[in-house]
Amino acid sequence: MSEQTSPIQPAAAARPARVMSGMRVSGRLHIGHFFGALQNWVKLQSEYECFFGAMDWHGMTTAYKSPQEIGPWTREMIAEFIAWGVDPEKSTLFIQSHVPEHLELFMIFANLTPMGWLERVNTWKDAVDEMKSTDTHNLGRFAYPVLQAADIAIYRAQKIPVGADQVAHLEISREIVRRFNHLYKAKLPEMNPLLTEVPLVTGLDGRKMSKSYGNTLYLTEDSEKDLKKKVNMMVTDTARVRREDVGEPTRCSVYGYHKLYSTTEDLEWVEQGCRSAGIGCGDCKGRLAANIEKISAGPREKKKELLNNSNLLDSIINAGCEKARKEAQLTLKIVRKSMKWS
Ligand code: SF4
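Predicted model only: the values in this text are computed from it and were never measured. (Residues numbered from 1 in each chain as written. Predicted model: local features only at pLDDT ≥ 70, side-chain atom pairs only at ≥ 80, totals over all residues. Heavy atoms only, no water.)

**Topic: the overall build of the protein chain**
Then, in step 1: On a plain count of helices and strands, the protein chain comes out with 14 helices and five strands.
Then, in step 2: The C-alpha radius of gyration computed for the protein chain amounts to 22 Å, which stays within 12% of the reference 20 Å derived for 342 residues, consistent with globular compactness.
Then, in step 3: Reported as C-alpha extents along the three principal axes, the dimensions of the protein chain are approximately 75 × 45 × 40 Å.
Then, in step 4: Expressed as a percentage of its 342 residues, the buried residues of the protein chain come to 50%.
Then, in step 5: Long-range contacts, defined as pairs at least 24 residues apart, comprise 77% of the intrachain contacts of the protein chain with a sequence gap of at least 6.
Then, in step 6: Across the protein chain, the mean location of the 46 positive side-chain charges is 4 Å away from that of the 42 negative side-chain charges. (Helix = DSSP H or I, 4+ residues; strand = E, 2+ residues; numbered from the N terminus. Rg over C-alpha atoms; globule rule 2.2 N^0.38 Å. Buried < 20%, exposed > 50% of the residue type's maximum accessible area, 1.4 Å probe, protein only. Contact = heavy atoms within 4.5 Å. Lys, Arg positive; Asp, Glu negative; His and termini not counted. Charge placed at Lys NZ, Arg CZ, Asp CG, Glu CD.)

**Thoughts on the packing of aromatic side chains**
Then, in step 1: Evaluation of the coordinates by the stated rule reveals nine aromatic pairs.
Then, in step 2: With centroids separated by 5.0 Å and ring planes inclined at 80°, the aromatic side chains of Phe 34 and Phe 35 adopt a geometry described as edge-to-face.
Then, in step 3: Phe 34 sits in the buried class, given a relative accessible area of 11%.
Then, in step 4: Between the aromatic rings of Trp 41 and Phe 81, the centroid separation amounts to 5.0 Å while the plane-to-plane angle is 75°, which identifies the pairing as edge-to-face. Placement of Trp 41 in helix α1 (residues 31–44) and of Phe 81 in helix α3 (residues 70–83) is noted, with a sequence separation of 40 residues between them.
Then, in step 5: Through successive ring pairs, a cluster of aromatic residues spans Phe 34, Phe 35, Trp 84 and Tyr 261.
Then, in step 6: Note that Arg 141 overlies the ring of Tyr 144, its terminal NZ or CZ placed 5.2 Å from the centroid.
Then, in step 7: A cation over an aromatic ring shows up here: Arg 207 above the ring of Tyr 213, its NZ or CZ 4.1 Å from the ring centre. (Phe/Tyr/Trp six-rings, centres within 6.5 Å; stacked < 30°, edge-to-face > 60°. Lys NZ or Arg CZ within 6 Å of the ring centre and 35° of its normal.)

**Re the pattern of salt bridges**
Then, in step 1: A full pass over the atoms with the stated rule returns 24 salt bridges.
Then, in step 2: A salt bridge links Glu 190 to Arg 174, with the shortest nitrogen-to-oxygen separation between them at 3.4 Å. Here Arg 174 lies in helix α9 (residues 167–184) and Glu 190 lies in the loop between α9 and β5 (192–195), a separation of 16 residues in the sequence.
Then, in step 3: Residue Glu 190 is classed as partly exposed on the basis of its relative accessible area, which comes to 27%. (Salt bridge = Lys/Arg side-chain N within 4 Å of Asp/Glu carboxyl O.)

**Let's talk about the packing of α3 against helix α13 (residues 281–308)**
Then, in step 1: Contact geometry of α3 with α13 gives a least axis separation of 8 Å together with a crossing angle of 135°. As judged from the angle between their axes, α3 and α13 are oblique. Note that α3 runs across α13; the crossing there is right-handed. Packed against α3, whose contacting residues are Arg 75, Glu 76, Ala 79, Glu 80, Ile 82 and Ala 83, the element α13 presents Pro 299, Lys 302, Lys 303, Leu 306 and Leu 307 at the interface.
Then, in step 2: Class assignment for the residues of the contact of α3 with α13 results in six nonpolar, no polar and five charged. (Axes fitted to C-alpha atoms, helices over the stretch in contact; angles between N-to-C directions. Parallel < 35°, antiparallel > 145°, perpendicular 65-115°, else oblique. Left-handed = near helix turned anticlockwise from the far one by under 90°. Nonpolar A, V, L, I, M, F, W, Y, C, P; charged D, E, K, R; others polar.)

**Focus on the domain arrangement of the protein chain**
Then, in step 1: As assigned here, the protein chain comprises domain 1 (18–201 + 309–339) and domain 2 (223–297).
Then, in step 2: Using C-alpha coordinates to define each centre, domain 1 is positioned 36 Å away from domain 2.
Then, in step 3: Buried area between domain 1 and domain 2, summed over both chains or domains, comes out near 450 Å², and the portion from carbon and sulfur atoms is 79%.
Then, in step 4: Considering only the surface of domain 1 that becomes buried against domain 2, Ile 31, Phe 35 and Trp 84 emerge as the three largest contributors, covering 79% of it.
Then, in step 5: The interface formed by domain 1 and domain 2 includes zero salt bridges.
Then, in step 6: Our count for the domain 1 to domain 2 interface comes out at zero residue pairs in polar contact (both at pLDDT 80 or more). (Domains from an automatic or database assignment. Buried area = accessible area lost by both parts, 1.4 Å probe. Polar contact = N/O pair within 3.5 Å; in protein donor to acceptor, adjacent residues only side chain to side chain.)

**Regarding the pairing of strand β2 (residues 49–55)**
Then, in step 1: A large share of β2 lies buried, amounting to seven of its seven residues.
Then, in step 2: What you see with β2 is no split at all: Glu 49, Phe 51, Gly 53 and Met 55 on one side and Cys 50, Phe 52 and Ala 54 on the other are buried throughout.
Then, in step 3: One ladder, built from seven bridges, connects strand β1 (residues 18–24) with β2; its direction is parallel. Within β2, the position partnered with Gly 22 by the bridge is Gly 53.
Then, in step 4: Once you follow β1 into α1 and on to β2, the crossover reads as right-handed. (Pairing = 2+ DSSP bridges. Right-handed = clockwise from strand over helix to strand, strands pointing away.)

If you want it as structure tokens, here you go:
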């Protein structure tokens, strides 16, 4: 087959590289999701051919006891993607379980992935105790990296946006695809990391952001009033006990959030005011809450509109899933042909 007509990468030279990324459906999106991924997706969609997914099968690994929650969370997630600027005209937005080919490729990959590879995955080793206590020590969770490899390969994606600390996580996907290609003399593209800068986003108390710690700032679920309340409760520089004490912003979570949400002028105002005791923590928090609200008000409204307009949201979801499915079906054809299994 000539390079021009190869179905593996049909027109790779003629169009931008294909990017795939997804988010596990596990509840409402918080600001870590935005600064860790969503913000970057909005930029990537102008440069690459993008497939962005709400990964509900991955959500099921932990939510299997309350599957009724997965559907509403998934719709909300897609609405949230759009509300924050992912454009369904530019990017293909899909729901993982609406493209059953993910699971077919997963099964093929599962058979050629040695157990030892999965046992060595750090996230599995690190989370074993937690998984036992939350009753999520299950086969689905164990095989998570295999499904992840299938999620990417099913779209023949070449680039995966990741932060520097996540590059190693991609390696097992690459190994699985390499093994597939080696066994069946196939040419599925090996996915490469597309390095992106991911700012550090801590919880409101400075610890890792986690629902179980109650230190989460949601992207759109928090109303203006909730936002203010949460920001007011944030931990500040403990050395600044009284208003006249000088503080050090780098020791304060509020400053960390200002770096995410505030302008350069506001940052200077915080730095100078804190170090000279020219401003109080209440002023500083008030400015932060206002800046967060400025950025969140539009998307909050847009998401609400979308969720209230089921027909529109459904048509966006259906169109995205249909487009994703076409690509996935083409990949499976290629896969089965390579395996001489039809
Ligand atoms: Fe933190 Fe702002 Fe108070 Fe300084 S003034 S300690 S940065 S809240």
